[in-house]
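# Results of the structural survey
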Amino acid sequence: MRLDYRLVLIACVSACAPMLPSAPPAALPADPLPVAPAPGSSGAVPATAAVTDAADAAGFEGWKQGFLARKGGTRRDAYALQLADLTPDPEVIRLDRNQPEFSRPAGAYIANAVSGARIAEARRRLEAVPWSVTQRFGVPSEILVAIWGLESSFGQVQGSKDVIRSLATLAFDGRRRDWAEDQLKNALDIVIDGRRDRSGLLGSWAGAMGQTQFMPDNYLRLGIDQSGDGKVDIWGTESDALASAANLLAQAGWKRGQSWGHEVQLPAGFDYALAEADGRPWRFWADRGVSLTRGAALSSDEAAENGVILLPQGARGPAFLALPNHYVIRRYNNSVSYALAIGLMADGVAGRPGLVGTWPDDGPISREQRFGAQTALARLGYDPGVIDGVIGSGTRRALRQWQIATGRVPDGYLTPALADELMRGI
């Protein structure tokens with residue numbers, strides 16, 4: 001059991017990268033970089049693979065020189081020294097294409113993320129959150145331990161990749177080049193300014209670092225030296241990591257005294273086209289028969305906020321009223337599934353009851369199905385936005401339009417079967 005739990009934690013750490021501001025993903029690359037044999041391997045390298053590896057090496061060197069020209073400035077020589085002899089990491093490319101919070105159904109992702117064992121451990125860790133941190137930033141301790149648990153298993157699984165190499169690989173690959181180059185420059189500055197030794201600048205494949213998985217720009221702008229020892233150590237000092245996460249959420253607009261959201265019950269005949277539309281005060285939803293589950297009630301401040309109905313797995317799954325703090329959590333990681341996992345874990349830590357609704361047992365959507373569905377919607381005249389394989393709000397909006405036009409329930413939820421139907425229709 002312990003082994004299975006750690007495998008889930010490793011998967012979560014590899015996918016979670018705080019983003020403030022968040023950068024929308026661009027198109028995914030078509031093919032992974034080839035993996036060269038390990039040093040000392042006795043196997044011969046096929047001629048085609050050798051040619052491809054040489055081309056990749058030349059391409060990486062060309063990108064490196066371009067990066068130094070674009071971003072180096074007065075530090076070009078110092079940057080070049082840190083990038084010397086660097087090669088791209090093929091595993092980073094593979095993981096970038098298969099982030100579980102974007103490819104797996106919400107229910108499956110949340111079931112793994114919000115386990116009873118993790119909630120129990122988070123409760124035991126509540127005292128690690130300094131009282132002064134919750135008072136200063138207004139972010140509840142249960143939200144902070146939920147982030148801590150999901151991002152790194154409370155510091156146990158922080159990632160062991162060279163952050164500079166990971167970010168250089170992402171920049172070279174080009175899917176998010178501008179974002180990755182900016183993050184790489186910040187990572188280089190961390191080392192050159194003496195904030196962290198290069199050997200200790202370790203993190204996830206995406207470049208996220210420490211116990212609360214901060215990106216380099218967030219570390220420089222929002223890191224907090226809570227321990228008062230003169231350095232921001234989000235790797236080894238719990239209080240620094242937790243205070244830094246609280247600062248990120250506070251700067252993103254966390255609303256004190258309010259929840260992230262609530263599970264709701266939708267009435268028969270609900271207009272599903274209203275989901276993920278503009279936020280509305282609670283009175284608007286109550287007038288349409290929406291109610292909170294388990295007899296819960298909103299505070300007066302929450303009732304005045306504009307809430308959005310979310311249907312993470314369509315009309316067959318649980319429904320939620322997402323309040324502004326849900327979207328603040330998404331500034332940490334811009335995924336509905338991730339933000340719901342944090343909110344639901346925090347609820348569990350605080351002793352609130354679990355969900356009334358049940359998650360449908362849907363399978364994951366393959367990369368080909370995600371690209372294919374977006375391409376089909378675009379060709380049918382329903383604009384999904386950038387065709388990038390990420391099923392975000394633009395794709396769900398386009399899918400709703402298609403569902404309305406074809407007489408279906410417009411819940412904006414893409415299943416594997418629906419993706420196949422869309423692809424067959426073009």
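None of the values given here were measured: they were computed from a predicted structure.

## Concerning the nonpolar core
- If you look at the biggest cluster of nonpolar residues, it comprises 82 residues, and the most contacted ones within it are Ile143, Leu144, Ile164, Leu201 and Leu249.
- Examining the composition of this core, we find that 10 residues originate from one element, helix 17 (residues 336–349), more than from any other.
- Sequence-distant contacts of Leu201, defined by excluding residues within four places in its chain, comprise Lys161, Asp162, Val163, Ile164, Ala187, Ile190, Val191, Arg196, Met209 and Trp235.
- Grouped together as the second largest cluster of nonpolar side chains are 16 residues, Phe270, Ile309, Leu311 and Leu321 included.

## Overview of the confidence of the model for the chain
- Averaged over all residues, the pLDDT of the chain is 87; the fraction at 70 or higher stands at 85%.
- In this model residues 1–15 is a low-confidence stretch, pLDDT under 50, and it forms 30 contacts with partners more than four residues away in sequence or in other chains.
- Every residue in residues 17–52 is under pLDDT 50, and counting partners more than four places away or in other chains gives 72 contacts.

## A word on the packing of aromatic side chains
- In this structure the tally under the stated criterion is 12 aromatic pairs.
- Centre to centre, the rings of Trp260 and Phe320 are 6.1 Å apart; their planes meet at 45°, and the pair counts as tilted. Of this pair, Trp260 sits in the loop between helix 13 (238–251) and strand 3 (261–265) while Phe320 sits in strand 6 (residues 319–322), and the two are 60 residues apart along the sequence.
- For Trp260, a relative accessible area of 3% puts it in the buried group.

## Points about the layout of surface pockets
- Of the pockets and cavities examined, the second largest pocket occupies roughly 640 Å³.
- Lining the second largest pocket we find 32 residues, and of these Trp260, Gly261, Asp347, Arg352 and Pro353 sit closest to its centre.
- Mapped onto the lining of the second largest pocket, the elements with two or more residues apiece are helix 6 (106–113), helix 9 (141–152), strand 3 and helix 17.
- Of all the elements, helix 17 adds the most residues to the lining of the second largest pocket, at 4 residues.
- When its residues are assigned to classes, the lining of the second largest pocket shows 17 nonpolar, 9 polar and 6 charged.

## Overview of the pairing of strand 3
- The buried fraction of strand 3 amounts to 4 of the 5 residues, a majority that puts the element mostly inside the structure.
- Bridge count for strand 3 against strand 6 is 4 bridges, and the pairing is antiparallel. In the strand pairing of strand 6, Gly261 is matched with Ala322.
- Examined bridge by bridge, strand 3 and strand 4 (residues 291–292) share 2 bridges and lie antiparallel to one another. By the bridge assignment, Val264 is partnered in strand 4 with Leu292.

Parameters and conventions
- Residues numbered from 1 in each chain as written.
- Predicted model: local features only at pLDDT ≥ 70, side-chain atom pairs only at ≥ 80, totals over all residues.
- Heavy atoms only, no water.
- Core = buried A, V, L, I, M, F, W, Y, C linked by side-chain atoms within 4.5 Å.
- Buried < 20%, exposed > 50% of the residue type's maximum accessible area, 1.4 Å probe, protein only.
- Helix = DSSP H or I, 4+ residues; strand = E, 2+ residues; numbered from the N terminus.
- Contact = heavy atoms within 4.5 Å.
- pLDDT = per-residue confidence, 0-100.
- Phe/Tyr/Trp six-rings, centres within 6.5 Å; stacked < 30°, edge-to-face > 60°.
- 1 Å grid on protein atoms, 1.4 Å probe; cavity = no way out; pocket = protein on both sides within 12 Å on 5 of 7 lines; lining within 4 Å.
- Points joined across faces, edges and corners; volume = space filled by probe spheres on them.
- Nonpolar A, V, L, I, M, F, W, Y, C, P; charged D, E, K, R; others polar.
- Pairing = 2+ DSSP bridges.

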